[in-house]
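# Structure assessment
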Amino acid sequence: MAFPENARQSLIPSFLYSSTSGSKRIAGLESFANASHGSHQSPYFSSSRAGSVGEASNFVIPAPNEKIEMYSPSFYAACTAGGILSCGLTHMTVTPLDLVKCNMQIDPAKYKSITSGFGVLLKEQGVKGFFRGWVPTLLGYSAQGACKFGFYEFFKKYYSDLAGPENAAKYKTLIYLAGSASAELIADVALCPMEAVKVRVQTQPGFARGLSDGLPKFIKSEGALGLYKGIVPLWGRQIPYTMMKFASFETIVEMIYKHAIPTPKDQCTKGLQLGVSFAGGYVAGVLCAIVSHPADNLVSFLNNAKGATVGDAVKKLGLWGLFTRGLPLRIVMIGTLTGAQWGIYDAFKVFVGLPTTGGVTPAPAVAKA
């Protein structure tokens, strides 16, 4: 079998992204690379290159370059599209939970619990009231998801390149954290205007029916810059949330494949791999909800009250209320949301010929003869 002479390894460790087909096959490819280049190669031989040789049937999930070349513009475009689907659709679906949660944060005297909150909404606004604000939710979180996942994949590769193969493997959690924080910083700029309108529509009955009349009314009242009044609290909520979401997911998935599933990831069915993605995402979501909840309360408070400050929010809610008000509902919502997001995102990656995220540890170094 002929091999391309310009075979190169990626600087990013293969365990960050891709499935592998077994240590024997990788070792054979590495031995060839060592012989052709006359030097010892890093253990992190690119699985995308490995996928270009051998039988395609050896892979449960097709090799990435069968359809999309890894780290190419098409790869990042696919990750961006997957992010749009995973975040936009899931956030729109849980609009009723989000609506009750926001109102519990703003008016706890009226919305005392989850069940009574749904009862109040049903009595006052009918069934349609449960989906008030769904348009800004869909648009805002679709834009956020595009940036969150697309830029995460970009920054994860970029920081791995900067670190080099050995350090990328050694400090992989730091790379997850840095990549997700960088991505979310950008994603929140896209989200913030829609989040501001959504909160105002959901928590102030009579303010507007939705985005079409709510956005111009908001701008007229607060000015265009008012749409970004909550950007700092949004960063305070979303950046820790996303860092926890991505770093804990990658770690949890790796632990599941290492300790809970006896079969190597590349030999697992697609359904099982996507199930692992959902389970890892759900657990990560619970952790995300706890970490980011105080900032979530601040975002809801600031976007609801004109001219309000962080000090006003802390004074009214109190520290205990800041950390606990609406938390049980948010744990349920964010856990389900995050699990579904990772399931949808990885399902889309599989659909376009990319491997699911995480779960493969690097192959051991091949000793020189």
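Refer to the preceding data block for the structure.
Residues numbered from 1 in each chain as written. Predicted model: local features only at pLDDT ≥ 70, side-chain atom pairs only at ≥ 80, totals over all residues. Heavy atoms only, no water.

## Here's the deal with the overall build of the protein
- Along its length, the protein carries 12 helices and 0 strands.
- The helix and strand sequence of the protein, counted from the amino end, reads α-α-α-α-α-α-α-α-α-α-α-α.
- Buried residues in the protein amount to 54% of all 369 residues.
- Considering only contacts within the protein whose residues lie at least 6 apart along the sequence, 80% involve residues at least 24 apart.
- In the structure as shown, the protein presents an accessible area of about 15,700 Å², 67% of it carried by carbon and sulfur atoms. (Helix = DSSP H or I, 4+ residues; strand = E, 2+ residues; numbered from the N terminus. Buried < 20%, exposed > 50% of the residue type's maximum accessible area, 1.4 Å probe, protein only. Contact = heavy atoms within 4.5 Å. Areas by Shrake-Rupley, 256 points an atom, 1.4 Å probe, with all protein chains shown as cover.)

## Topic: unusual backbone geometry
- Positioned with a positive phi, Tyr-71 is a non-glycine residue whose angle comes to about 65°.
- For Tyr-71, the position within the fold is in the loop between helix H2 (47-50) and helix H3 (73-93).

## As for the nonpolar core
- Residues Ile-68, Phe-75, Phe-149, Tyr-257, Trp-342 and Leu-354 are the most contacted members of the largest nonpolar core, which totals 26 residues.
- Listing elements by their share of this core, those giving two or more residues are H3, helix H6 (134-170), helix H7 (172-203), helix H9 (231-260), helix H10 (270-304) and helix H12 (327-351).
- Domain assignment of the residues forming this core places at least three in each of domain 1 (68-228) and domain 2 (239-358).
- Among residues more than four places away in sequence, those in contact with Ile-68 are Ser-74, Phe-75, Ala-78, Val-352 and Leu-354. (Core = buried A, V, L, I, M, F, W, Y, C linked by side-chain atoms within 4.5 Å. Domains from an automatic or database assignment.)

## Regarding the side chain of Gln-238
- Mapping Gln-238 onto the fold places it in helix H9.
- A polar atom in the side chain of Gln-238 sits 2.8 Å from the side chain of Arg-237. (Polar contact = N/O pair within 3.5 Å; in protein donor to acceptor, adjacent residues only side chain to side chain.)

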